[in-house]
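Structural features, examined
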Amino acid sequence: MPVLPVLGIDIGGSGIRAALVDADEGAVLTAPLEVATPYPASPQAVADEVAKIVSTLEWQGPVGIGFPAVIRAGVVATAANIDTSWIGVDATELFGRAIAGTCVVLNDADAAGLAEMRFGAGAGHDETVLVLTLGTGIGSALFYRQQLFPNLELGSLPLRGGSAEEYAAASVRTQENLSWQEWGGRLNQFFGQIERLLSPDLIIIGGGVSQRSDQFFPYLRTRAQLAPARLLNQAGIVGAACQAGKLDL
Ligand code: BGC
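Residues numbered from 1 in each chain as written. Predicted model: local features only at pLDDT ≥ 70, side-chain atom pairs only at ≥ 80, totals over all residues. Heavy atoms only, no water.

Here we look at the domain arrangement of the chain
Definition in use: These domain boundaries are the output of an automatic or database domain assignment. In what follows, residue pairs with any heavy atoms lying within 4.5 Å of each other are defined as contacts. Throughout, buried area stands for the accessible area (probe radius 1.4 Å) lost by two parts on being put together, summed over both. Salt bridges are identified by distance alone: a Lys or Arg side-chain nitrogen within 4 Å of an Asp or Glu carboxyl oxygen. Pairs of N or O atoms are called polar contacts if they sit within 3.5 Å, as long as, within protein, a hydrogen donor faces a hydrogen acceptor (for residues adjacent in sequence, only side-chain-to-side-chain pairs). Amino acids outside the nonpolar list (Ala, Val, Leu, Ile, Met, Phe, Trp, Tyr, Cys, Pro) and the charged list (Asp, Glu, Lys, Arg) are all regarded as polar, and Gly is one of them.
Each assigned domain of the chain is listed with its residue range as follows: domain 1 (6–110 + 235–248) and domain 2 (124–230). With centres defined by C-alpha atoms, the gap from domain 1 to domain 2 works out at 23 Å. With 10 residues of domain 1 at the contact, the number on the domain 2 side is 11 residues. Both sides together, the interface formed by domain 1 and domain 2 hides about 870 Å², and carbon and sulfur atoms give 45% of it. Considering only the surface of domain 1 that becomes buried against domain 2, N81, A109 and D110 emerge as the three largest contributors, covering 54% of it. Across the contact surface, domain 1 and domain 2 share zero salt bridges. Between the two partners, domain 1 and domain 2, sit two residue pairs in polar contact (both at pLDDT 80 or more). Split by residue class, the side of domain 1 that touches domain 2 holds five nonpolar, four polar and one charged.

Shown next, in the form of structure tokens:
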């Protein structure tokens, strides 16, 4: 049977990345196309970028979009790291109109987590698995017996007078010029909070920085087993594409 590719798009705080994906195998079929997230990242400006990507790729099939916010039935419910004008926007409807097609929108970390569980470091793990994406913010996706508990926002946990992501996201390491060891210390405080609340058996670390796990994993202390994401920063694209691929669009 010929493979039906699906377009996966991962919208992040600083960049939007897209690629065609074989949703059965979780394989990225084309080199990811990357554009900067517009600033200000208003709903219309982001929708215009998504439309440009779809027309650049001359794509007419299913589209899955990972978005950095709580998404309830297609509607954006939070705006920790995005323009506040997104709150209440029906993202499925907005992007669908922009691309003149149908799409599926889900939280970016949920998308990355689904891909890691199916094709990456979480494959075959039925115990409690937490996937964290460390980037502009901190995304989280929790799985038990491979089932996703959606829209978990562990990056919003209070930590050191602000939120965990304001203290320990990968972007903070760069902005504050922290050493890997200093940043590792911050992550350990975050992990301590998490392990007081949840009891993950495995924590998978994703986001672009997961490519450099050898630099900071030696400083991390968790009760749970730790593993770098295997799909690195392509997990969001793959997971979003897979969600769209499941639907008969
Ligand atoms: C958002 C999450 C998102 C994470 C990673 C946070 O600021 O609240 O929904 O998953 O960033 O992009």
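Next comes the rest of the write-up.
Quick notes on the packing of aromatic side chains
Aromatic ring pairs are defined here through the distance separating the ring centres and the angle between the ring planes. Stated formally: Stacked, edge-to-face and tilted are the three classes for Phe, Tyr and Trp ring pairs, Trp counted by its six-membered ring, which pair at centre distances within 6.5 Å; planes under 30 degrees apart are stacked, over 60 edge-to-face, the rest tilted. Secondary structure elements follow DSSP: runs of H or I of four or more residues count as helices, runs of E of two or more count as strands, with numbering from the N terminus. Each residue is placed in one exposure class: buried if its accessible area under a 1.4 Å probe, protein chains only, is under 20% of its type's maximum, exposed if it is over 50%, and partly exposed if it falls in between. Charge over a ring is defined by NZ of Lys or CZ of Arg lying within 6 Å of the ring centre and within 35 degrees of the ring normal.
One pass over the structure, following the stated rule, counts eight aromatic pairs. Note on F67 and F95: the rings are 6.3 Å apart at their centroids and 55 degrees apart in plane angle, and the pair reads as tilted. Here F95 lies in helix α2 (residues 91–99) and F67 lies in strand β5 (residues 63–67), a separation of 28 residues in the sequence. Across this residue pair, the class does not change: F67 and F95 are buried. Judged by centre distance (6.0 Å) and plane angle (35 degrees), the rings of W86 and F95 are tilted. For F95, a relative accessible area of 0% corresponds to the buried category. Linked through ring pairs, W180, W183, F216 and F217 together constitute an aromatic cluster. Between the NZ or CZ atom of R173 and the centre of the ring of W180, over which it lies, the distance is 3.7 Å.

What about the sheet that holds strand β14 (residues 202–206)?
What counts here: For two strands to be treated as a pair, DSSP must find at least two bridges joining them. Lines fitted to the C-alpha atoms define the axes, with helices restricted to the stretch that makes contact. Angles between their N-to-C directions range from 0 to 180 degrees.
Read from one edge to the other, the open sheet built from five strands follows the order β11-β10-β9-β14-β15, with strand pairing classed as mixed. Every interior strand has two partners, whereas the edge strands, β11 (147–149) and β15 (225–228), have only one. Across the sheet, the axes of successive neighbouring strands diverge by a mean angle of 25 degrees, strand direction being ignored. Pairing of strand β10 (residues 138–144) with β11 involves three bridges; the strand directions are antiparallel. Within β11, the residue paired with L142 across the bridge is F149. Here helix α3 (residues 108–119) sits on the sheet in contact with β9 (129–134), β10, β11 and β14, set at roughly 45 degrees to β10.

Regarding the side chain of D22
To be explicit about the condition: Asp and Glu count as negative and Lys and Arg as positive, but His and the ends of the chain are not part of the count.
Turning to its location among the elements, D22 is positioned in strand β2 (residues 15–22). Look at D22: it is buried, it has no salt bridge, and the nearest opposite charge is R118 at 7.6 Å. There is a polar contact of 3.1 Å between the side chain of D22 and the backbone nitrogen of E25.

A word on the layout of surface pockets
Keep this limit in mind: The rule is simple: put a 1 Å grid over the protein atoms alone, call a set of points where a 1.4 Å probe fits but cannot get out a cavity, call an open set with protein on both sides within 12 Å along at least five of seven lines a pocket, and count a residue as lining if it has an atom within 4 Å of a point. Grid points are joined across faces, edges and corners, and a volume is the space filled by probe spheres set on the points.
Quantified by volume, the largest pocket comes out at close to 820 Å³. Looking at the largest pocket, it is lined by 41 residues, and the ones nearest its centre are G12, D108, L134, G135 and T136. Residue contributions to the lining of the largest pocket peak at four residues, all from helix α5 (residues 170–175). In terms of residue class, the lining of the largest pocket is made up of 13 nonpolar, 21 polar and seven charged.

Considering unusual backbone geometry
In this model, Y39 is joined to P40 through a cis peptide bond whose omega is -5 degrees. Counting through the fold element by element, P40 comes out in the loop between β4 (33–36) and α1 (43–56). The phi torsion at E58 lies on the positive side, around 50 degrees, for a residue other than glycine. Note that E58 resides in the loop between α1 and β5. Phi is positive for A73, close to 50 degrees, though the residue is something other than glycine. Inspection of the secondary structure puts A73 in the loop between β6 (71–72) and β7 (75–76).

A look at the pattern of salt bridges
A full pass over the atoms with the stated rule returns four salt bridges. A salt bridge links E49 to K52, with the nearest nitrogen and oxygen atoms 3.2 Å apart. Here the residue E49 and the residue K52 both occupy positions in helix α1, the gap between them amounting to three residues, near one helical turn. Taking relative accessible area as the criterion, E49 reaches 16% and is therefore assigned buried. Given a relative accessible area of 47%, K52 falls into the partly exposed group. Between E93 and R97 there is a salt bridge; the shortest N-O distance is 3.2 Å. Here E93 and its partner R97 are both found in helix α2, four residues apart, which amounts to about one turn of the helix. Residue classification places E93 among the partly exposed residues on the basis of a relative accessible area of 43%. Using a relative accessible area of 53% as the deciding quantity, one classes R97 as exposed.

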